[in-house]
Amino acid sequence: MKKECEIVQDLIFGYCDGTLNPASKELVEKHLIKCEECKKAYEEIKKDKQVDDNDKIEIDYLKRVNKKLKRKKIMIAIFSVLIILLVILHIIAFISYYHDQTTMKIFMKENISEEEIENIRNQIENQSKDAEITYISPEEKLEEMKEKFKENAYLLDEYEGENNIFPAEFIIKTKSVQDIEKIEESLVNIEEIQKIQSGSSNNPYMALLSDCMEWYIDMRGPVSNGK
Ligand SMILES: [Zn+2]
């Protein structure tokens, strides 16, 4: 191998990468025109370099595709969780709706006798076999309210005994709205009843919202005494 060929072949890599200074570049170009052997070597290296570049492009492409796939997977995961949460919310809304819709409260007038309470209970039982009936006396209601007031419960002390402001009440749960309507109809003419409260919402989501509000108020703890 001639001396010049050695030099040129040393420079060929730089020539292919375009990193030679103008003088070296000129030297290589001039030599390649006249030397078949070096030209061959140059073609060979150029071909290999092209393959390398193509590989690089392919790897970059694969990386990009991979990244996109990963992002897609994350999005799918997020959407799945959101959809599951939505479904759970719907289920909760509808369950609490049907539970609430079939609940009624009956508040009795003051000084109602045991006998009259028993009479009202019988009327309810006659209208619905499945009714779940809870009777709460004024004293029990007062205790319940005191528990809600927590450390401010002393504010209710003056309502003990004869001043008790809480009426006796029945809470009735049935399995159907129709039962509630039947019970309501049967009780409408009873004088000893002060008020009947039932199925206040016909929107499951509003019912859930009002449940949540009530729950929040309960959780917030003692009622402020306004000072
Ligand atoms: Zn040569």
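Rules and cut-offs
Throughout this description, residue numbers start from 1 for each chain and increase along the sequence as written. Whole-chain, interface and lining totals are the exception, using all residues; otherwise, since this is a predicted model, local features are given only for residues with pLDDT of at least 70 and side-chain atom pairs are given and counted only at 80 or more. Secondary structure elements are taken from DSSP: a helix is a run of H or I of four residues or more, a strand is a run of E of two residues or more, and numbering for both begins at the N terminus. Using C-alpha atoms as the atom set, the radius of gyration is obtained and then compared with a globule rule of 2.2 Å times the number of residues to the power 0.38. Each residue is classed by its C-beta neighbour count within 10 Å, where at least 20 other C-beta atoms makes it buried, 12 or fewer makes it exposed, and intermediate counts make it partly exposed; the C-beta atoms are placed from backbone geometry. By the criterion used throughout, residues are in contact when their C-beta atoms, derived from the backbone, lie within 7 Å. For every domain, the bounds stem from an assignment made automatically or drawn from a database. Fitting one axis to the seven residues ending at a residue and another to the seven starting there, the bend at that residue is the angle between the two axes. Axes here refer to lines fitted to C-alpha atoms; in helices the fit is confined to the stretch in contact. Angles between the N-to-C directions go from 0 to 180 degrees. Angular relationships are summarised with four words: roughly parallel below 35 degrees, roughly antiparallel beyond 145, roughly perpendicular across 65 to 115, and oblique for the angles in between. Crossing chirality is assigned from the near helix's rotation relative to the far helix, an anticlockwise turn below a right angle marking it left-handed and a clockwise turn marking it right-handed. Whether two strands pair depends on DSSP finding at least two bridges between them. When residues are sorted by character, Ala, Val, Leu, Ile, Met, Phe, Trp, Tyr, Cys and Pro go into the nonpolar class, Asp, Glu, Lys and Arg into the charged class, and all the rest, Gly among them, into the polar class. What we call a nonpolar core is a set of buried Ala, Val, Leu, Ile, Met, Phe, Trp, Tyr and Cys residues whose membership is set by joining through C-beta atoms within 7 Å.

Quick look at the overall build of the protein chain
Now for step 1: Scanning the protein chain for helices and strands turns up 7 helices and 4 strands.
Now for step 2: For a compact globule of 227 residues, the expected C-alpha radius of gyration is about 17 Å, and the protein chain comes in at 44 Å, more than 25% above that figure.
Now for step 3: Taking the principal axes of its C-alpha atoms as reference, the protein chain extends roughly 130 × 45 × 20 Å.
Now for step 4: The buried share of the protein chain, reckoned over its 227 residues, is 11%.
Now for step 5: Put simply, of all contacts in the protein chain between residues at least 6 apart along the chain, 75% involve residues at least 24 apart.

Here's the deal with the domain arrangement of the protein chain
Now for step 1: Segmentation of the protein chain into domains returns domain 1 (3-59) and domain 2 (102-219).
Now for step 2: Computed over C-alpha atoms only, the centres of domain 1 and domain 2 are separated by 96 Å.

Thoughts on helix 1 (residues 3-17)
Now for step 1: Of all the bends found along helix 1, the most pronounced is centred on Leu11 and spans about 40°.
Now for step 2: Of the residues trailing helix 1, Gly18 is marked for its positive phi of about 75°.

Remarks on the packing of helix 4 (residues 114-127) against helix 6 (residues 177-187)
Now for step 1: Closest axis-to-axis distance for the helix 4/helix 6 pair is 9 Å, and the angle between their directions is 140°. It follows from the interaxial angle that helix 4 and helix 6 lie oblique. Between helix 4 and helix 6 the crossing geometry is right-handed. Between helix 4 and helix 6, the contacting residues are Ile120, Gln123, Ile124 and Gln127 on the first element and Asp179, Lys182, Ile183, Ser186 and Leu187 on the second.

Remarks on unusual backbone geometry
Among all residues except glycine, the phi angle is most often negative; among peptide bonds, the trans geometry is most common.
Now for step 1: Even without glycine at this site, Asn111 takes up a positive phi of about 55°.
Now for step 2: Relative to the assigned elements, Asn111 resides in the loop between strand 1 (103-108) and helix 4.
Now for step 3: Of note in this structure, Lys150 is not a glycine but carries a positive phi near 50°.
Now for step 4: On the secondary structure map, Lys150 appears in the loop between helix 5 (138-149) and strand 3 (169-173).
Now for step 5: In this structure Lys150 comes out as exposed when scored by C-beta crowding, with 10 C-beta atoms within 10 Å.

Observations concerning the sheet that holds strand 1
Now for step 1: Reading across from one edge, 2-3-1-4 is the order of the 4 strands in this open sheet, with antiparallel pairing throughout. Either end of the sheet is taken by a strand with one partner, and the two such strands are strand 2 (132-136) and strand 4 (193-198). Each strand of the sheet is rotated relative to its neighbour by a mean of 15°, with strand direction disregarded.
Now for step 2: Relative to strand 3, strand 2 runs antiparallel, the two being bridged by 5 bridges. By the bridge assignment, Glu132 is partnered in strand 3 with Lys173.
Now for step 3: Sitting on the sheet, helix 6 touches strand 1, strand 3 and strand 4, and the angle it makes with strand 4 is about 165°.

A short note on the packing of helix 1 against helix 2 (residues 22-34)
Now for step 1: Where helix 1 meets helix 2, the closest approach of the two axes is 10 Å, and the angle between their N-to-C directions is 115°. Crossing of helix 1 over helix 2 shows left-handed handedness. Residue-level contacts link Glu4, Val8, Leu11, Ile12 and Tyr15 of helix 1 to Ser24, Lys25, Val28 and His31 of helix 2.
Now for step 2: Along the lines of polarity and charge, the residues of the contact of helix 1 with helix 2 split into 5 nonpolar, 2 polar and 2 charged.

What to know about the nonpolar core
Now for step 1: Ranked by size, the top nonpolar core spans 11 residues in total: Met104, Ile106, Met108, Ile120, Ile124, Ala131, Ala168, Phe170, Ile172, Ile180 and Ile183.
Now for step 2: Residue assignment for this core shows that the elements contributing at least two residues are strand 1, helix 4, strand 3 and helix 6.
Now for step 3: Leaving out residues up to four positions away in the same chain, Ile183 has contacts with Met104, Ile124, Gln127, Ser128 and Ile172.

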